[in-house]
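Survey of secondary and tertiary structure
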Amino acid sequence: MKKITDIKKIALFLIIMISFSVKAQITLIPDWSFESYLVNVGIDSDGEVNGQMLTSDAESVEELFLWGEGIDDISGLEDFINLEKLTCYYNPLNGYMGAPYGTINVSTLVNLKELDVRASHLEAIDVSNNALLEKILIGNEGFGDILIISDFTELDLSNNPSVNYVDASNFEETFTFLNMRNNEEESVYIDVSSVGFNNPPTVCIEVDNAVAATERTEPYNDWTVIGNYFFSENCALSTERFVGHNFSISPNPASEYVSVQQKELDVVQLRAVQILDSSGKWIKSVKDNFTHISVSDLSKGVYLFVIQTDKGNKTEKVIVE
């Protein structure tokens with residue numbers, strides 16, 4: 001009888017310990033600024049900046065607005081699993097300029113719909129696990145007194161079919177690739193413009209149908225893209241360099257016509273030339289007579305000529321006088 005009683009006591013003890021362990025589950029928040037914010041807005045319920053918070057507190061949050069909070073380390077974010085909107089704008093993740101770029105882990109935030117990490121000292125982000133994502137901002141917000149910038153080279157949204165808003169603005173040269181394959185939205189806004197940089201990038205936007213995207217026919221007829229860009233079905237850098245080496249446009253500036261000149265005729269096929277204005281709005285398509293493309297019907301200004309080939313695209317700026 002005593003043995004049975006002892007077993008019951010042990011079982012009761014284990015149940016109490018397991019219950020206590022579940023209730024006392026904590027999330028480590030090593031960054032003082034991050035936890036101070038959580039305490040100040042009442043998310044961290046213990047009310048103390050002590051390097052930790054209840055995981056249940058983190059799981060109750062649907063929106064975080066970390067605008068300019070001076071956060072160096074965003075560790076602990078991975079436990080905010082019900083987060084739908086995250087604004088982490090203007091935070092020196094992993095330190096200010098000169099320090100290694102920081103990181104942000106959003107892989108567990110499967111409910112995330114809006115993500116703003118502009119000017120937060122990042123150079124990469126993986127959103128492949130955020131299938132519900134609709135809006136993403138990774139750019140740099142102009143200039144002025146802002147000293148914290150990000151330096152992305154690419155952004156892959158091929159696993160985010162619901163994205164309808166992309167801000168990848170104000171990068172110098174480095175940002176060259178945006179993967180928009182598998183997108184299912186009818187209306188999409190993309191900003192890859194750069195204001196004030198001497199060498200703004202030309203961004204390759206990879207899509208499922210480059211010709212339809214360039215001509216803004218279905219399903220791309222309600223897409224708006226701002227900045228220097230071109231659409232391609234293959235943005236592999238080696239291919240783009242190859243195409244870039246083989247084609248040129250002259251004269252430039254031009255007033256009556258331009259000619260597309262091709263170095264190696266046997267290894268790459270010229271299919272079409274798409275003419276866009278400086279904002280990226282499609283003007284017309286040329287599918288033959290590439291050595292004598294009339295520009296006399298165009299107003300004076302700067303145009304983007306997208307040379308489309310069977311091995312990729314090349315974009316050149318042409319001045320019409």
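To start, this report covers the structure provided alongside it. (Residues numbered from 1 in each chain as written. Predicted model: local features only at pLDDT ≥ 70, side-chain atom pairs only at ≥ 80, totals over all residues. Heavy atoms only, no water.)

**So, the packing of aromatic side chains**
- Under the defined criterion, the tally for this structure stands at 10 aromatic pairs.
- Judged by centre distance (5.7 Å) and plane angle (25 degrees), the rings of Phe 65 and Trp 67 are stacked.
- Accessibility expressed as a relative area gives 42% for Phe 65, which makes it partly exposed.
- The ring of Tyr 165 has Lys 135 sitting right over it, with the charged end atom 4.9 Å from the ring centre. (Phe/Tyr/Trp six-rings, centres within 6.5 Å; stacked < 30°, edge-to-face > 60°. Buried < 20%, exposed > 50% of the residue type's maximum accessible area, 1.4 Å probe, protein only. Lys NZ or Arg CZ within 6 Å of the ring centre and 35° of its normal.)

**What about the sheet that holds strand E14 (residues 247–250)?**
- Within the open sheet, the three strands sit side by side as E14-E15-E18. Their pairing is antiparallel. The sheet is open, and its two borders are formed by E14 and strand E18 (293–294), each paired with just one other strand.
- In terms of strand pairing, E14 meets strand E15 (residues 257–262) through four bridges, oriented antiparallel. Looking across to E15, one finds that Ser 250 is bridged to Ser 259. (Pairing = 2+ DSSP bridges. Helix = DSSP H or I, 4+ residues; strand = E, 2+ residues; numbered from the N terminus.)

**Comments concerning the nonpolar core**
- Judged by nonpolar contacts, the single largest core of 61 residues is most densely connected at Leu 64, Leu 77, Phe 80, Phe 175, Leu 178 and Met 180.
- Contributing elements (two or more residues each) for this core: helix H2 (32–40), strand E9 (177–179), strand E10 (187–191), strand E11 (203–206), helix H4 (210–215), strand E12 (222–226), strand E13 (229–232) and strand E19 (301–309).
- Apart from the residues lying within four places of it in its own chain, the contact partners of Leu 178 are Leu 155, Leu 157, Val 166, Ile 190, Val 203, Cys 204, Ile 205 and Glu 206.
- Counting residues in hydrophobic clusters, the runner-up holds 19 residues, among them Ala 254, Val 268, Val 273 and Ile 275. (Core = buried A, V, L, I, M, F, W, Y, C linked by side-chain atoms within 4.5 Å. Contact = heavy atoms within 4.5 Å.)

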